[in-house]
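Topology and contacts: notes
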Amino acid sequence: RNNLTETIPSSLGTLSQIDALILGENALQGELPASIGNLSTLQLLDVGSNELTSTIPPSFAKLESLKYLVLESNRFNGTVDVLES
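Our subject in this report is the structure included herewith.

Cut-offs applied
- Residues numbered from 1 in each chain as written.
- Predicted model: local features only at pLDDT ≥ 70, side-chain atom pairs only at ≥ 80, totals over all residues.
- Heavy atoms only, no water.
- Pairing = 2+ DSSP bridges.
- Helix = DSSP H or I, 4+ residues; strand = E, 2+ residues; numbered from the N terminus.
- Salt bridge = Lys/Arg side-chain N within 4 Å of Asp/Glu carboxyl O.
- Core = buried A, V, L, I, M, F, W, Y, C linked by side-chain atoms within 4.5 Å.
- Buried < 20%, exposed > 50% of the residue type's maximum accessible area, 1.4 Å probe, protein only.
- Contact = heavy atoms within 4.5 Å.

On the basis of which strands lie adjacent, the open sheet formed by three strands has the order 2-4-6 and parallel pairing. Whereas interior strands pair on both sides, the edge strands pair on one side only; in this sheet they are strand 2 (29–30) and strand 6 (75–76). Where strand 4 (residues 51–54) and strand 6 come together, two bridges link them in parallel fashion. The partner of Ser 54 across the bridge, within strand 6, is Phe 76.

Dropping the structure here:
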C-alpha cells in the first residue's frame, strides 16, 4: 500500500519494458487509462482495492503477455469480454 490517490496517469503507457504494474490497495479514482494497453511486455496488472470506475478499455485486448489481472474491489461496470481470446 502506497496511499496513492487521484487518477492513474496515462503516461504509464510509455513504460515499454515493464512486466508488472502493482497499484492495488490504494485510493486511486477514475478510469483505467487506455494507454496501459500499450504495455506489450506486461504480465501482471494489479489495480485491486481502489476506487476505479468505468469499463475495461478495449486496448487491453493488446496485452498478449498478461498472465495475472487483479481488478476486485473497485466500481467497474460492464464485462471483461475484451480480454477473452
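A few words now on the pattern of salt bridges. For the structure on display, the rule yields one salt bridge. Put simply, Arg 75 and Glu 51 hold a salt bridge, and the shortest N to O gap is 3.5 Å. Of this pair, Arg 75 sits in strand 6 while Glu 51 sits in strand 4, and the two are 24 residues apart along the sequence.

Okay, the nonpolar core next. Within soluble globular proteins, side chains that are nonpolar generally end up buried alongside one another. Ile 8, Leu 21, Leu 32, Ile 36, Leu 42, Leu 45 and Val 47 are the most contacted members of the largest nonpolar core, which totals 18 residues. Setting aside residues up to four positions removed in sequence, Leu 21 forms contacts with Leu 12, Ile 36, Leu 39, Leu 42, Leu 44, Leu 45 and Asp 46.

In this section: the environment of Leu 21. With respect to the helices and strands, the residue Leu 21 is situated in strand 1 (residues 20–22). When its relative accessible area of 7% is taken as the criterion, Leu 21 is described as buried. Once the C-alpha coordinates of Leu 21 and Leu 42 are considered, the two residues, 21 residues apart in sequence, prove to be 7.5 Å apart.

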